[in-house]
Amino acid sequence: MMEKADPTQKLHTRMRLWEFPDQYVVEPTDGSSGSCLAISRLDGSMKLVDDIPHCSSLRVPKLRTVYGIIGLLKLLAGTYVLVITERESVGSYLGHPIFKVSSMKIFPCDHSVKNSSAEQKKLESEFSELLKVAEKSPGLYFSYDVNLTLSAQRLHDLGDESKLLPLWRQARKADPRFLWNNYMLEMLIDNKLDPYLLPVMQGSFNHFQAAIGKDIVDVTLIARRCTRRIGEINDYEDDEDLDQDLQAKDVCITIFLEHICTRMWRRGADSDGYVANFVESEQIVQVKGFTASLVQVRGSIPFLWEQIVDLTYKPKYEIVRVEEAARVAERHFLDLRKKYGNVVAIDLINKHGGEGRLNEKFVDAMQHISSDEVRYVHFDFHGICGHVHFERLSILYEQIEDFIIKNRYLLLNEKGEKVESQTGVVRTNCIDCLDRTNVTQSMIGRRLLEIQLRRLGLFDADETINSHPNFDDSFKIIWANHGDDISIQYSGTPALKGDFVRYGQRTLQGIGQDGFNALMRYYLNNFRDGTKQDAIDLLQGHYIVSVSRDMNPPSQKGGIEAVALKLLGEMVLNMVSEVGSLGGPRFKPWHLHPPSIKPTLYVQNFPVAFSIIMIGFFFAFLSLRQVRYDLWHLLFSMMWAGMSLGIAAVVKANGRIFCNRPRLHKPRR
């Protein structure tokens, strides 16, 4: 029997958080008559209470206004509560207010840690440090009145009974992929705390209003990032259907890639066809009481490949388990067909070089899949458009125009009745699914919006958005912001080529900004994203903390990593020892070769190695200046320079171990 929502139990929109020494109490202050929520600071247990506990001079609580509880996360010994402390109104979705999380804070319920062992306290501290990284998660949006995680068509197609369900239950039942706090809501769900269960989406939300003649057109652009996690199976009715369609019985134990991730540490697809950086983009236009919606999707190339950072500017692409490529791609497109209908896959990667190898494998895989329901179109973006001629994307549009016209878009009339349905989706990918992809999706969105405005009588047959400068400028801006938001969440920087989307042409300033952003991506990918990926995995439930697993002593790395580190240490020690014996400056050995190097500290070796390299060149330069007084200094200079070059060679040859790597999940190999 389907559980219906109590219509009197709406989500609390404003609350007061009381911080007592032994508990947190969340008091609704939005005029509702709901009970207060008490959360123990000892173990995170929860209960509803009717009154605020007594306050005294010895029990003076801190007070804070909060706008929602994102959820709770349990670590080794403590539980942590995530709340929204600041919000910003950013517009409306189908007539309902939408808010952006401006600030969130994590409150620990970790008093029990005091009774834990020293090792457990240390691990708890390390995990809680990751939560501080997660506190800064960008692009979080929510609504108290409408399910922002569902597209307009999915919302319209909800049954009458489903529409009566709480928002979190609607999302879990209809499409849980875009529910960012899905895992963190579980403790609240277990305690049946519906008024506190606030669905949150990560992505982007932009909108504008503009006049066309006497009509006001409202355009909204939404990005929903997929947060699928271990154990969530999909839309299949039973295991038999799953086995027949996917021919796989191990889905539940596979780590799904189709979830929030960082750029280099999640590439391609997993063995079940779920891809990295999967984003659903929905463009909605409302005018004259009509509502039109177009959904597009983006996602990484759907077979097993990786690009592990190794200090080079562009690490090489490696295809993993080549023989599985066709099967993995088939699973991916089967899932897309079940969710969206027909699919046209636009592949924007280069035909040559490293990307060319991926393109060849994608083409081979699609030969087994292509049909009336699934089409594959390759468009060499860089080869055809170069770096400035993006207007040549019209060539691509001509190739897919028939698909777009046939599969339409959602159209609701003034009464909210469905006039048209979207029966297919355009799936676009490049390597990152960021820069080229956003330029292409914005072009498709522009063409479809023109079709919709002609359908609704606002445009003549040959009229385009370009003929309305104010409307055109606003449209470009929301798509540029859309691309920047997705790119910041995935790569850490705004999108490249954003000047074309924003202004309709490439600019010198935009090209210069692209260069800076490319360098920032290099830095973040190599030295920051491993920790960021761990924070994401912890927050999303992709890594479940357990005493049995996390209390084991960390194993020392073997193989090439141990050899490289040992070689580096020995090389430095030998050279320093030799130079010292000849009268050069000495270092204490333990400064350069600590007795034990844990895997978690590998990234610290890069700044150490870089510092030693620079110091070596510095002493080489100083010694070289003294050659005219004493020829021995020429030998010193050569030895210092040789040491620096030797260490640089070791670092370059073993670049992977000097990068910031995820600790909670390892790469495929």
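A cluster of nonpolar residues, Phe 610, Met 614, Phe 617 and Leu 645, forms a patch on the protein surface that exposes about 400 Å² of accessible area. With 3 residues, helix H19 (residues 605–625) is the single largest residue contributor to the nonpolar patch.

This part covers the sheet that holds strand S2 (residues 23–28). Spatial ordering of the open sheet is given by S4-S3-S2-S1-S5, a layout of 5 strands whose pairing is antiparallel. Two strands in the sheet have a free side with no partner beyond their single neighbour: strand S4 (46–49) and strand S5 (62–66). When strand polarity is set aside, the average angle formed by the axes of neighbouring strands in this sheet is 25 degrees. With 5 bridges connecting them, strand S1 (residues 15–19) and S5 associate as antiparallel partners. Opposite Trp 18, over in S5, you have Leu 63 as the bridge partner.

Looking now at the pattern of salt bridges. If you walk through the whole model with that rule in mind, you get 30 salt bridges. Residue Arg 663 pairs with Glu 126 through a salt bridge whose shortest N-O separation is 2.9 Å. In this pair, Arg 663 sits in the segment after helix H20 (632–653) while Glu 126 sits in helix H1 (residues 118–134), placing the two residues 537 residues apart along the sequence. Residue class for Arg 663 comes out partly exposed when judged on its relative accessible area of 44%. A cluster of three or more residues bridged by salt bridges with shared partners is formed by Arg 154, Asp 175, Arg 177, Arg 224, Glu 280 and Glu 282.

Next up on the list: the nonpolar core. The biggest cluster of nonpolar side chains holds 47 residues, and the ones touching the most others in it are Val 217, Leu 396, Leu 453 and Phe 471. If you tally residues by element for this core, the top one is helix H11 (residues 435–455), at 7 residues. Excluding anything up to four places from it in sequence, Phe 471 contacts Phe 208, Ala 210, Ile 212, Val 217, Val 219, Leu 449, Leu 453 and Ile 465. Counting 33 residues, the second largest nonpolar core, distinct from the first, contains Leu 140, Ala 535, Leu 539 and Tyr 543.

Should the pLDDT be low somewhere, the predicted coordinates at that spot are not to be read in detail. Of the residues in the protein chain, 84% have a pLDDT of 70 or more, and the chain-wide mean is 84. Below a pLDDT of 50 lies the segment residues 229–257, which in the model reaches 62 contacts outside its immediate sequence neighbourhood of four places, other chains included.

A word on the side chain of Thr 149. As for its placement among the helices and strands, Thr 149 is situated in the loop between strand S9 (140–142) and helix H2 (152–157). The exposure class assigned to Thr 149 is buried, which follows from its relative accessible area of 3%. In this structure the side chain of Thr 149 is engaged in a polar contact, spanning 2.5 Å, whose partner is the side chain of Asn 147. Residues within four places of Thr 149 in sequence aside, it is in contact with Ala 171, Phe 178, Leu 179, Met 201 and Arg 224.

Glancing now at the packing of helix H7 (residues 325–340) against helix H8 (residues 353–367). The geometry of H7 relative to H8 is characterised by a closest axis approach of 9 Å and an angle of 65 degrees between their N-to-C directions. It follows that H7 is roughly perpendicular to H8 by the angle criterion. Handedness of the H7/H8 crossing: right-handed. For the pair H7 and H8, the contacting residues are Ala 325, Ala 326, Ala 329 and Phe 333 in the first and Lys 361, Phe 362, Ala 365 and Met 366 in the second. Its residues assigned to classes, the contact of H7 with H8 shows 7 nonpolar, no polar and 1 charged.

Tallying each qualifying case throughout the model produces 14 aromatic pairs. Centroid distance Phe 99 to Phe 142: 5.7 Å. Interplanar angle 25 degrees. Geometry classified as stacked. Of this pair, Phe 99 sits in strand S8 (residues 96–109) while Phe 142 is found in strand S9, placing the two residues 43 residues apart along the sequence. Given a relative accessible area of 13%, Phe 99 falls into the buried group. By relative accessible area, which is 0% here, Phe 142 ends up buried. For the pair Phe 303 and Phe 362, a centre-to-centre distance of 6.4 Å together with 65 degrees between the ring planes defines the contact as edge-to-face. Here the residue Phe 303 occupies a position in the loop between strand S13 (290–298) and strand S14 (305–306), and Phe 362 occupies one in helix H8, the gap between them amounting to 59 residues. As far as burial versus exposure is concerned, Phe 303 and Phe 362 are alike and both buried. Among the aromatic side chains, those forming a connected cluster through ring pairs are Phe 99, Phe 142 and Tyr 144.

Take the environment of Lys 74 next. Note on placement: Lys 74 falls in strand S6 (residues 68–74). Judged by its relative accessible area of 44%, Lys 74 falls in the partly exposed class. In this structure the C-alpha to C-alpha distance between Lys 74 and Leu 539, which are 465 residues apart in sequence, comes to 9.8 Å. Setting aside residues no more than four positions away along its own chain, Lys 74 makes contact with Thr 79 and Val 545.

Attention shifts here to the pairing of S8. As judged from the 13 bridges shared by strand S7 (residues 79–93) and S8, these two strands associate in the antiparallel manner. Bridging from a neighbouring strand, Ser 89 pairs with Phe 99 of S8. Joining the antiparallel neighbours S7 and S8 is a turn of 2 residues, in which Leu 94 adopts a positive phi near 55 degrees. As paired elements, S8 and S9 share 2 bridges and run antiparallel to each other. Looking at the pairing, Lys 100 lines up with Tyr 141 of S9.

Rules behind the numbers
- Residues numbered from 1 in each chain as written.
- Predicted model: local features only at pLDDT ≥ 70, side-chain atom pairs only at ≥ 80, totals over all residues.
- Heavy atoms only, no water.
- Patch = residues over 30% accessible without salt bridge, like charges linked within 9 Å, V, L, I, M, F, W, Y side chains within 5 Å.
- Areas by Shrake-Rupley, 256 points an atom, 1.4 Å probe, with all protein chains shown as cover.
- Salt bridge = Lys/Arg side-chain N within 4 Å of Asp/Glu carboxyl O.
- Helix = DSSP H or I, 4+ residues; strand = E, 2+ residues; numbered from the N terminus.
- Pairing = 2+ DSSP bridges.
- Axes fitted to C-alpha atoms, helices over the stretch in contact; angles between N-to-C directions.
- Buried < 20%, exposed > 50% of the residue type's maximum accessible area, 1.4 Å probe, protein only.
- Core = buried A, V, L, I, M, F, W, Y, C linked by side-chain atoms within 4.5 Å.
- Contact = heavy atoms within 4.5 Å.
- pLDDT = per-residue confidence, 0-100.
- Polar contact = N/O pair within 3.5 Å; in protein donor to acceptor, adjacent residues only side chain to side chain.
- Parallel < 35°, antiparallel > 145°, perpendicular 65-115°, else oblique.
- Left-handed = near helix turned anticlockwise from the far one by under 90°.
- Nonpolar A, V, L, I, M, F, W, Y, C, P; charged D, E, K, R; others polar.
- Phe/Tyr/Trp six-rings, centres within 6.5 Å; stacked < 30°, edge-to-face > 60°.

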